[in-house]
Amino acid sequence: MSTFQDFPIRWGMVIDIDKCTGCGACVVACNKENNIAPQDNQLRRIEAKGFPTRFKKIEWLTIYELTDGGDTAYLPRPCMQCGVPSCVSVCPAIATDKNENGGIVSQIYPRCFGCRYCMASCPYHARVFNWDQPVWPEGMEKQLTPHTSVRSRGVVEKCSFCHHRLMYAKDAARVAGEDPEKLADGAYMPACAEVCPTGAITFGDVKNPEHAVYELARSPHTFRLLARLGTDPQVYYMSKRAWVRLQGDNYLANEKAQVNEGGAHHG
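Residues numbered from 1 in each chain as written. Predicted model: local features only at pLDDT ≥ 70, side-chain atom pairs only at ≥ 80, totals over all residues. Heavy atoms only, no water.

Caption draft 1: Looking closely at the pattern of salt bridges. Within this structure, the stated rule accounts for 11 salt bridges. As a salt-bridge pair, Asp232 and Arg10 come within 3.2 Å of each other at their nearest N and O atoms. Highlighted residues: Asp232 in the loop between strand 9 (222-223) and strand 10 (235-238) and Arg10 in the segment before strand 1 (11-16), separated in sequence by 222 residues. Residue class for Asp232 comes out buried when judged on its relative accessible area of 6%. Take Arg10: its relative accessible area is 6%, and that puts it in the buried class. Across the salt bridge formed by Arg241 and Asp71, the nearest N and O atoms sit 3.0 Å from each other. You can see Arg241 sitting in the loop between strand 10 and helix 8 (242-248) and its partner Asp71 sitting in the loop between strand 2 (62-67) and strand 3 (72-77), a full 170 residues away along the chain. The partly exposed category is assigned to Asp71, whose relative accessible area is 30%. (Salt bridge = Lys/Arg side-chain N within 4 Å of Asp/Glu carboxyl O. Helix = DSSP H or I, 4+ residues; strand = E, 2+ residues; numbered from the N terminus. Buried < 20%, exposed > 50% of the residue type's maximum accessible area, 1.4 Å probe, protein only.)

Caption draft 2: Structural context of helix 1 (residues 25-33). Turning to helix 1, its buried residues are Cys26, Val27, Ala29, Cys30, Asn31 and Glu33. Residues of helix 1 that are buried sit in contact with strand 2, helix 5 (163-175), helix 6 (191-195) and strand 8 (201-205). Asn35 lies just past helix 1 and shows a positive phi near 55°. (Contact = heavy atoms within 4.5 Å.)

Caption draft 3: A look at the environment of Phe223. Relative to the helices and strands, Phe223 resides in strand 9. Owing to a relative accessible area of 1%, Phe223 belongs among the buried residues under this scheme. C-alpha of Phe223 to C-alpha of Glu194: the two residues are 29 residues apart in sequence and 22 Å apart in space.

Caption draft 4: Seen up close, the pairing of strand 3. By the bridge criterion, 6 bridges tie strand 2 to strand 3 in an arrangement that is antiparallel. Looking across to strand 3, one finds that Leu66 is bridged to Ala73. (Pairing = 2+ DSSP bridges.)

Caption draft 5: Examining the sheet that holds strand 1 more closely. Pairing is mixed in the open sheet, where 4 strands are placed in the order 8-1-10-9. Both edges of this open sheet fall to strand 8 and strand 9, since each of them pairs with a single strand only. Sheet topology note: the strand 1/strand 10 ladder contains 4 bridges and is parallel. What sits directly across from Asp16, in strand 10, is Met238.

Caption draft 6: Quick peek at the nonpolar core. Grouped together as the largest cluster of nonpolar side chains are 54 residues, with contacts concentrated most on Trp11, Met13, Trp60, Phe161, Tyr188, Ile201 and Tyr237. The residues contacting Ile201, other than those within four sequence positions of it, are Met13, Val14, Ile15, Cys26, Cys192, Ala193 and Cys196. Listed in part, the 6 residues of the second largest apolar core include Val14, Val213, Ala217 and Met238. (Core = buried A, V, L, I, M, F, W, Y, C linked by side-chain atoms within 4.5 Å.)

Caption draft 7: The packing of aromatic side chains, seen in detail. One pass over the full model with this rule turns up 6 aromatic pairs. A centroid spacing of 5.0 Å and a plane angle of 85° characterise the contact between Phe129 and Trp131, whose relative ring orientation is edge-to-face. For Phe129, a relative accessible area of 8% gives the class buried. Ring-pair connections join several aromatic residues into one group, and the members of that group are Trp11, Phe161, Tyr188 and Phe203. One cation-aromatic arrangement involves Arg116 over Phe129; the distance from NZ or CZ to the ring centre is 4.6 Å. (Phe/Tyr/Trp six-rings, centres within 6.5 Å; stacked < 30°, edge-to-face > 60°. Lys NZ or Arg CZ within 6 Å of the ring centre and 35° of its normal.)

Caption draft 8: Geometry of the confidence of the model for the protein. When the pLDDT values of the protein are averaged, the result is 89; 91% of them are 70 or greater. When the criterion is pLDDT under 50, residues 261-265 qualifies, and its contacts beyond four places in sequence or with other chains add up to 18 contacts. (pLDDT = per-residue confidence, 0-100.)

Okay, here's the thing in structure tokens:
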């Protein structure tokens, strides 16, 4: 298990589940921004071989439907960018790392040889294995994001908080004569947060009081997924519904629970 490292900047996301309608715009934006090819033919081929398609579809952001039997909520799940990432310590190729780039867990595709230890260790199923070469419909290959690598088959993929956008934001700050290590709120924004039509996703530095996520991450209605595991995710969720917060930490019906787990390692 990795140990917690404290960095000056901690890029994080607060997702207001009470605002999320499950529309899927964030998933579409993520796929487009990160050059994830359509996979209809690949999924049909995998299913025809008898393999389950669950966890085979390449999505860096997945929306789960939650219910208590009557009420319904939708929970978008990107990579949690854990403060204590189990995926880093098990990688034999040092293909994944967590460093001072805001604590974002990186994935270095040329080093990955597809052992999938990281997938087995991730409690959030946030990593996916690329089983096939990406195939783009004619003309779509001309619309790829130029600063996001296209991955070949045989590697593990994951959400990077659109890391290339962080590089864009730093370059823009340098051109403007500003400090690239002190980006203003909103200067760096992943595609999912930018496109969300209901404003359910707020992104920023959770250690910077000038960023909106600073206060949101400290709300009494904020929680983190499977907080009891001690992974210290940099993705936070909000809901005023107690049953949603309880399901976030997978409490059993007869188990005594603390419903607010948003407190550790805010910086």
